[in-house]
Amino acid sequence: MSFRRRVWAAVCSAATLCLCCLYVPGSARADDVDDPRIMLFSGRDIWRNGAFAHGGFIVAPSGFDQDGLLLKIMFSGGLYRYHAQNLGERVVGAEWLTQVLPGWRIKRGDAEFKVFMGPEVQNHYLRPDDSANRLRGYSYGLRVAAEAWYEPNAAMMIAADVSLSSIATSNSARIAYGWRVLEEMLGGIYIGPEVQYFGSGGYRHGRLGMHITSMKTEDTEWSAAAGWARDSTGRSSPYVRLSILTRR
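Throughout, a residue's number is its position along its own chain's written sequence, starting from 1. The model is predicted, so local features are restricted to residues of pLDDT at least 70 and side-chain atom pairs to those at 80 or more, both for listing and for counting; the totals for chains, interfaces and linings are taken over all residues. Computation of side-chain values: all heavy atoms of the structure, hydrogens and water removed.

### Some points on the overall build of the chain
Of the regular secondary structure elements, the chain holds three helices and 12 strands. Out of the 248 residues in the chain, the part that is buried amounts to 40%. In the chain, once contacts between residues fewer than 6 apart in sequence are set aside, the share between residues at least 24 apart is 48%. Carbon and sulfur atoms provide 62% of the accessible area of the chain, an area that totals close to 13,800 Å². Secondary structure counts use DSSP, requiring at least four H or I residues in a row for a helix and at least two E residues in a row for a strand, with both numbered from the N terminus. For every residue, the accessible area (1.4 Å probe, protein chains only) is compared with the maximum for its type, and the residue is labelled buried under 20%, exposed over 50%, or partly exposed between those bounds. Working rule for contacts: check all heavy atoms of both residues, and any pair within 4.5 Å makes them a contact. Each accessible area value is a Shrake-Rupley result obtained with a 1.4 Å probe; residue values ignore everything except the protein chains displayed when judging cover.

### Details of the side chain of glutamate 221
With respect to the helices and strands, glutamate 221 occurs in strand β11 (residues 220-231). Polar contact criterion, stated in full: a pair of N or O atoms within 3.5 Å, where within protein one must be able to donate a hydrogen and the other to accept it, and residues adjacent in sequence count only if both atoms are side-chain atoms. A polar contact is formed between the side chain of glutamate 221 and the side chain of serine 214, at a distance of 3.4 Å.

### Remarks on the environment of glutamate 120
By the element assignment, glutamate 120 lies in strand β5 (residues 111-127). By relative accessible area, glutamate 120 is classed as buried at 0%. The sequence separation of glutamate 120 and methionine 74 amounts to 46 residues, and the corresponding C-alpha distance is 9.6 Å. Beyond its immediate sequence surroundings of up to four residues, glutamate 120 is in contact with Leu97, Thr98, Gln99, Ser139, Tyr140, Gly141, Arg143, Ser165 and Ile167. Within the local environment of glutamate 120, its side chain forms a polar contact with the side chain of glutamine 99, the two groups lying 2.9 Å apart.

### Quick look at the pattern of salt bridges
When a carboxyl oxygen of Asp or Glu lies within 4 Å of a side-chain nitrogen of Lys or Arg, that pair is called a salt bridge. Counting across every chain of the model gives 11 salt bridges. Measuring nitrogen to oxygen at the nearest pair gives 2.6 Å for the salt bridge that ties aspartate 67 to arginine 108. Linking aspartate 67 in the loop between β2 (50-59) and β3 (68-84) with arginine 108 in strand β4 (residues 89-108), this pair joins segments that are 41 residues apart in sequence. Judged by its relative accessible area of 33%, aspartate 67 falls in the partly exposed class. The salt bridge partner of arginine 143 is glutamate 120, with a shortest N-O separation of 2.7 Å. On the criterion of sequence distance, the pair formed by arginine 143 in strand β6 (residues 137-150) and glutamate 120 in strand β5 is long-range, its members being 23 residues apart. Summarising the burial analysis for this pair, arginine 143 and glutamate 120 share the class buried. Through salt bridges with shared partners, a single network forms among Arg105, Glu112 and Lys114.

### Quick word on the pairing of strand β7 (residues 156-165)
At least two DSSP bridges between two strands are required for those strands to pair. In this sheet, β7 lies alongside β6 in antiparallel orientation, the contact comprising eight bridges. Following the sheet pairing, tyrosine 150 is matched in β7 by isoleucine 158. The turn linking β6 back onto β7 is made up of five residues. Bridge count between β7 and strand β8 (residues 171-181): nine bridges; the pairing is antiparallel. Pairing of aspartate 161 across the sheet is with arginine 174, part of β8.

This is the structure:
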């Protein structure tokens, strides 16, 4: 069996495990109907030189209110462009990404932590082809990620996440701070500043903006952010991000 097929077999096996985790005996559900076990999520991200979308789900067999195992499946894709100095022209790229990340959730008081680690598959198509770009064609690797949420008091929140892949040392990080406002009108939402960073194979991208988190409509929760982005090639523009999640 080829290396590519072995990687896809591992991804499919993890996905099968996820589907098995979706089944929880009826008696267990009856005992704790208020603790959801599946989280569906989706997001959009756009700036001057790229537009991306992602979606997926997280399964928590013991529920999201308990410490325990998690399984995160995420798919994403998008279009981007950059100027290739070796070619002397602009390159347009399209990417597809799949992650299968087993993980663990820990909650202590008002702090919550999640850690993930698992296989990742990326595919980048470049036009014209840029042989100097490490992210081209299919790539297989391992991704490690962590997320944290902390509420120092009823009116404040701090959120942070970090992610690192073995594929072209792709990495990202974000930290956000928020104050709770509009308690009576919208049930309370968090508004505050955020700082975000992306990097891979000699490329750097930084952002500074404002976020709105935990806007709720029935079973759906919305988050949004906007600000200014600048990368290591000197390109800069506004950015906008929108995220949606629901628990079941």
